[in-house]
Every structure is written in C-alpha cells, then in structure tokens.
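Here is how the chains run, residue by residue.
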Amino acid sequence: VASSSAVQEVRQAPGTHCPPPVMAEQLARIFGTEEDRVNCPFYFKIGACRNGDQCNRLHNRPTMSQTLLLSHMYPNTPESLALANDEPWDEDMYDRAQQHLEAFYIEVFLELANYGEIEDLVVVDNLSDHMIGNVYVKYYHEEDAERALMKLTGRFYSGKLIQAEYTTVSDFREARCRAFHETRCNRGAYCNFMHIKHIPRAIKRRVVREMYDDHPEYLGQSRAKRDKEKDRKKEKDHKDRDRDRDRDREKDRSRSRPRKEKKEHRDRDDEGGPPARQSSEERRAMIAQWNAEREGSSLVA
C-alpha cells in the first residue's frame, strides 16, 4: 500500500487517476491514526480533544452509539486530585479517596442501569481540562444508550448539569494509556489517553449482581436461551448414551453368537451327531483303507 504522501501526489498530478480501491484501502488504514490529516485521532479514540472545537481536524460526532460520555461528572476530592498529580500521600488519604470513588461508582452504575443493561462503566483519573472527571458508560444495546441519553438530558448531579453525549469510544482497552496501566506514564495526569481509576472486582461484581436483581428482564431472554440450550444438550447426551449402550449390547451379542454356535457343534459331536469335517489326508487314508478291505474280500471269495 502506498504512503499517504504518495497517494496525495498521485491525486494532484495532472492527467493521472488513482484507482478507487487503492484510495479506499489507504483511507481505511489510516483513519483515526496520526497519519490521518483529516480526522482527529484523539477524538476518535477517547471522545475528547484538548483543542476542542478549535481543532484543525474533524470531530466526527456519532449519531448513535452504545457508549455515552458524561463530561466532568465525577467530583474529584482534594485527596483524589493529589493522588492523580503524584503528590505525597499516605494510607489514610488513599482510603478516603477510594471510598469516595467506590460510593460514586455504585450510585451512578445502579442509576444508569435503570435505562438498560450496562457492559462497562469507567471513571478517568486525568486532570487535563477536557478530560477531568469524565465518565463513560457502555451499554450492550444502542437503544438503551439512546434511552439513557434522553433521560439524562436536563438532569443534575452534585449541583452540576449532566452533559451527556454519544461517543466514538467502543473499546476502552484501545483508549487507555498502556504505560499508566502497565508501569508508569511519564506524562502524568495530563496525558491525552485515558488513565482509568481502579475499581475493585468485588465492587464490579456487586453492582452487576444488583443490576440483574433489580432488572431480571435483562437476563430473561438470554437466560431462557441458555436453559433451552442446556436442556437440548442434556437430551442429546441421553440419546447418545442410549445409542452407545445399544451398540455395545449388539457387539456383545455378535461376539457371543460364534462361541455359542461352536459350543452347540461340540455338544452335537459328543451326543453322536454327524461327524465333524475331515481333512484331505484323513479322507485319502480312509479311501485307501476301504479299497484294501474290498480287494481282500474279493480274493477270499
């Protein structure tokens, strides 16, 4: 595949024509990357850009999505700001910040679950103006995200108007900062990729369990389907087991039939039944004996 500059030169050269398949393949390969000089890669990956509306690249706002961005919704405490900014901290400060985060996570998750089945909810730890306090919620179905967007419009949280919008983010693993989650990010809290706040697995399991307890209809169709598949598999296993059992019985019968016939043949011989089949040598010896006896009887006569 040609580079973007080469494709541009071909397009601008007079009297030349770039084949549409090459252009389409090139544009698809570079879309949303640093090579894309038209679309903003940061807005595409994280749904926010530090340049805002002044960015010299396009921000393609989706008209439908499974994921909503709730801008600046999380009210950072002084403790959480200090931790995000790598300032000195102690265990007590960390515990207060974590307790506040977990209480916020549980409250917001269960409230947003009233609009549909949630796949994931993340809160970012970044401190830059366009990302501080951002919350992302991803639903399993687009219609649930649409319902949530309608219901959240005009609502307030912690005294601030909730700013909800569709976002292009579909995979949080692609949007997060790998350095922050694997080792340490050199850019700190002002990195342009997501620094996702840590939520313990126990908390996540708890809110998911409560979501399904409060809204069993989310599991209704999938659970019924799983039960039906389980019953079908169980019935198939029973049929396979019965078929194997019948096959084993037939094999046992086929093995026992020759032994039974051989035993009956032996019993007939013992009871004076027809003699068993003789070999060729035995038959020749018997014929020779008969001829000798016949010749001896004729000489005597």
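Residues numbered from 1 in each chain as written. Predicted model: local features only at pLDDT ≥ 70, side-chain atom pairs only at ≥ 80, totals over all residues. Heavy atoms only, no water.

Asker: Help me understand the overall build of the chain, please; the structure alone is not making it clear to me.
Answerer: Broken down by element type, the chain carries 11 helices and six strands. Classification of the 301 residues of the chain by burial places 31% in the buried group. Restricting the contact set of the chain to residue pairs at least 6 apart, pairs at least 24 apart contribute 62%. With an accessible surface of roughly 20,700 Å², the chain has 50% of that area assigned to carbon and sulfur atoms. (Helix = DSSP H or I, 4+ residues; strand = E, 2+ residues; numbered from the N terminus. Buried < 20%, exposed > 50% of the residue type's maximum accessible area, 1.4 Å probe, protein only. Contact = heavy atoms within 4.5 Å. Areas by Shrake-Rupley, 256 points an atom, 1.4 Å probe, with all protein chains shown as cover.)

Asker: Any chance you could explain a positive patch on the surface here in plain terms?
Answerer: Taken together, the side chains of Arg 201, Lys 204, Arg 205 and Arg 209 make up a positively charged region of the molecular surface. With respect to the secondary-structure elements, Arg 209 resides in helix H9 (residues 201-214). (Patch = residues over 30% accessible without salt bridge, like charges linked within 9 Å, V, L, I, M, F, W, Y side chains within 5 Å. Salt bridge = Lys/Arg side-chain N within 4 Å of Asp/Glu carboxyl O. Lys, Arg positive; Asp, Glu negative; His and termini not counted. Charge placed at Lys NZ, Arg CZ, Asp CG, Glu CD.)

Asker: Any chance you could explain the pattern of salt bridges here in plain terms?
Answerer: Should their charged atoms come close, side chains of opposite charge can pair. Under the definition given, this model contains 11 salt bridges. Lys 138 serves as the salt-bridge partner of Glu 119, at 3.8 Å between the closest nitrogen and oxygen. One end of the pair, Glu 119, is in strand S2 (residues 118-123); the other, Lys 138, is in strand S3 (residues 135-139), and 19 residues separate them in sequence. Note that Arg 206 is salt-bridged to Glu 210, the shortest N-O span being 3.2 Å. In this pair, Arg 206 and Glu 210 are both assigned in helix H9, four residues apart and thus about one turn of the helix distant. On the basis of relative accessibility, which here comes to 25%, the residue Glu 210 falls in the partly exposed class.

Asker: Looking at this model, I keep getting lost on the nonpolar core. Mind explaining?
Answerer: Side chains of nonpolar character tend, in soluble globular proteins, to be buried together. Formed by 33 residues in total, the largest nonpolar core has its most connected members in Leu 112 and Tyr 139. Once you skip the residues sitting within four places of it in the chain, Leu 112 turns out to touch Leu 70, Ile 118, Leu 121, Val 137, Tyr 139 and Leu 152. Counting residues in each nonpolar core, the second largest holds 11 residues, with Leu 69, Val 122, Phe 172 and Ile 196 among its members. (Core = buried A, V, L, I, M, F, W, Y, C linked by side-chain atoms within 4.5 Å.)

Asker: Would you explain the side chain of Asp 125 in this entry?
Answerer: Assignment of secondary structure puts Asp 125 in the loop between S2 and S3. A polar atom in the side chain of Asp 125 sits 2.5 Å from the side chain of Lys 197. Asp 125 has contacts with Ala 84, Phe 180, Ala 189, His 195 and Lys 197, leaving out every residue within four places of it along the chain. (Polar contact = N/O pair within 3.5 Å; in protein donor to acceptor, adjacent residues only side chain to side chain.)

Asker: Which parts of the structure should I look at to understand unusual backbone geometry?
Answerer: Most peptide bonds take the trans form, and the phi angle of most residues other than glycine is negative. Even without being a glycine, His 72 presents a positive backbone phi close to 55 degrees. Relative to the elements of secondary structure, His 72 occurs in the loop between strand S1 (67-71) and helix H4 (78-84).

Asker: When you look at the packing of helix H5 (residues 91-112) against H9 in this model, what are you seeing that I'm missing?
Answerer: A packed helix pair is summarised by two numbers, namely the angle formed by the two axes and the spacing between the axes. Two elements in contact, H5 and H9, have axes whose closest approach is 10 Å; the angle formed by their N-to-C orientations is 25 degrees. The orientation of H5 relative to H9 falls into the category roughly parallel. Regarding H5 and H9, the two cross each other, and that crossing is right-handed. Contact with H5, carried on its side by Glu 102, Tyr 105, Ile 106, Phe 109 and Leu 110, involves Ile 203, Lys 204, Arg 206, Val 207, Val 208, Glu 210 and Met 211 of H9 and no other residues of that element. Split by residue class, the contact of H5 with H9 holds eight nonpolar, no polar and four charged. (Axes fitted to C-alpha atoms, helices over the stretch in contact; angles between N-to-C directions. Parallel < 35°, antiparallel > 145°, perpendicular 65-115°, else oblique. Left-handed = near helix turned anticlockwise from the far one by under 90°. Nonpolar A, V, L, I, M, F, W, Y, C, P; charged D, E, K, R; others polar.)

Asker: How should I be thinking about the packing of aromatic side chains in this particular structure?
Answerer: Each aromatic ring pair is summarised here by two numbers: the centre-to-centre distance and the angle between the ring planes. Evaluated as defined, the whole model comprises five aromatic pairs. Centroid distance Tyr 74 to Phe 104: 4.8 Å. Interplanar angle 70 degrees. Geometry classified as edge-to-face. Of this pair, Tyr 74 sits in the loop between S1 and H4 while Phe 104 sits in helix H5, placing them 30 residues apart in sequence. Owing to a relative accessible area of 3%, Phe 104 belongs among the buried residues under this scheme. Each residue in the set Tyr 74, Phe 104 and Tyr 157 is aromatic and connected to the rest through ring pairs, giving one cluster. (Phe/Tyr/Trp six-rings, centres within 6.5 Å; stacked < 30°, edge-to-face > 60°.)

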